[in-house]
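Letter by letter, the chains look like this.
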Amino acid sequence: MRETVKLISMEGFEFVIDREAAMVSQTIRSMLTSPGGFSESKDGVVTFPDISTTILEKICQYFYWSLQYSRGKETEFQIEPELTLELMMAANYLHT
């Protein structure tokens with residue numbers, strides 16, 4: 001099993017993150033673990049044609065923050081006000 005996952009934004013920017021971090025998202029978890037030979041589960045690559053690079057970068061940061069928080073490290077997660085709406089829409093899609 002791959003230890004990293006590649007997430008690709010709508011502009012084609014690639015984020016390579018730990019599989020454990022990506023699994024914070026229920027949507028990504030389903031894509032990577034579903035039976036049936038889907039390309040995401042075979043290749044470990046997930047493309048998001050509707051999520052911008054800026055938002056996907058913030059989501060990746062959140063995945064790592066969430067892992068740290070679940071392990072007892074309580075810190076604030078900063079969200080820039082201008083990203084709030086777009087970030088909420090992406091988070092809703094990703095079930096994070």
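Check the entry above for the structure.
Since this is a predicted model, take the numbers as computed values, not measurements. (Residues numbered from 1 in each chain as written. Predicted model: local features only at pLDDT ≥ 70, side-chain atom pairs only at ≥ 80, totals over all residues. Heavy atoms only, no water.)

Asker: How should the pairing of strand E2 (residues 14-18) be read in this particular structure?
Answerer: The side chains of a regular strand alternate between the sheet's two faces. Note: strand E1 (residues 4-8) against E2, five bridges, orientation antiparallel. Pairing of Val5 across the sheet is with Ile17, part of E2. The hairpin turn running from E1 into E2, its antiparallel successor, is five residues long, and Gly12 in that turn takes a positive phi close to 95 degrees. (Pairing = 2+ DSSP bridges. Helix = DSSP H or I, 4+ residues; strand = E, 2+ residues; numbered from the N terminus.)

Asker: Is there a simple way to explain the packing of helix H4 (residues 53-70) against helix H5 (residues 84-94) in this structure?
Answerer: Between two packed helices, what matters for the description is the angle formed by their axes and the separation of those axes. The geometry of H4 relative to H5 is characterised by a closest axis approach of 10 Å and an angle of 60 degrees between their N-to-C directions. Viewed along their axes, H4 and H5 adopt a mutual orientation that is oblique. Crossing angle aside, the handedness with which H4 passes H5 is right-handed. Residues Ile55, Lys58 and Ile59 of H4 lie in contact with H5, whose contacting residues are Glu86, Leu87, Ala90 and Leu94. Considered class by class, the residues forming the contact of H4 with H5 number five nonpolar, no polar and two charged. (Axes fitted to C-alpha atoms, helices over the stretch in contact; angles between N-to-C directions. Parallel < 35°, antiparallel > 145°, perpendicular 65-115°, else oblique. Left-handed = near helix turned anticlockwise from the far one by under 90°. Contact = heavy atoms within 4.5 Å. Nonpolar A, V, L, I, M, F, W, Y, C, P; charged D, E, K, R; others polar.)

Asker: Where do I start with the packing of aromatic side chains in this structure?
Answerer: Aromatic ring pairs are defined here through the distance separating the ring centres and the angle between the ring planes. Within the structure shown, the criterion is met by six aromatic pairs. The interplanar angle of 85 degrees and the centroid separation of 6.4 Å between the aromatic rings of Phe48 and Tyr93 together place this pair among those described as edge-to-face. You can see Phe48 sitting in the loop between strand E3 (45-47) and H4 and its partner Tyr93 sitting in helix H5, a full 45 residues away along the chain. Taking the relative accessible area as the measure of exposure, Phe48 reaches 2% and is therefore buried. For the ring pair Trp65 and Phe77, a centre distance of 5.7 Å and an interplane angle of 50 degrees mean the geometry is tilted. With Trp65 in helix H4 and Phe77 in the loop between H4 and H5, this residue pair connects regions lying twelve residues apart in the sequence. On the accessibility criterion, Phe77 (23% relative accessible area) is partly exposed. Pairwise contacts between aromatic rings join Tyr62, Trp65, Tyr69 and Phe77 into one cluster. (Phe/Tyr/Trp six-rings, centres within 6.5 Å; stacked < 30°, edge-to-face > 60°. Buried < 20%, exposed > 50% of the residue type's maximum accessible area, 1.4 Å probe, protein only.)

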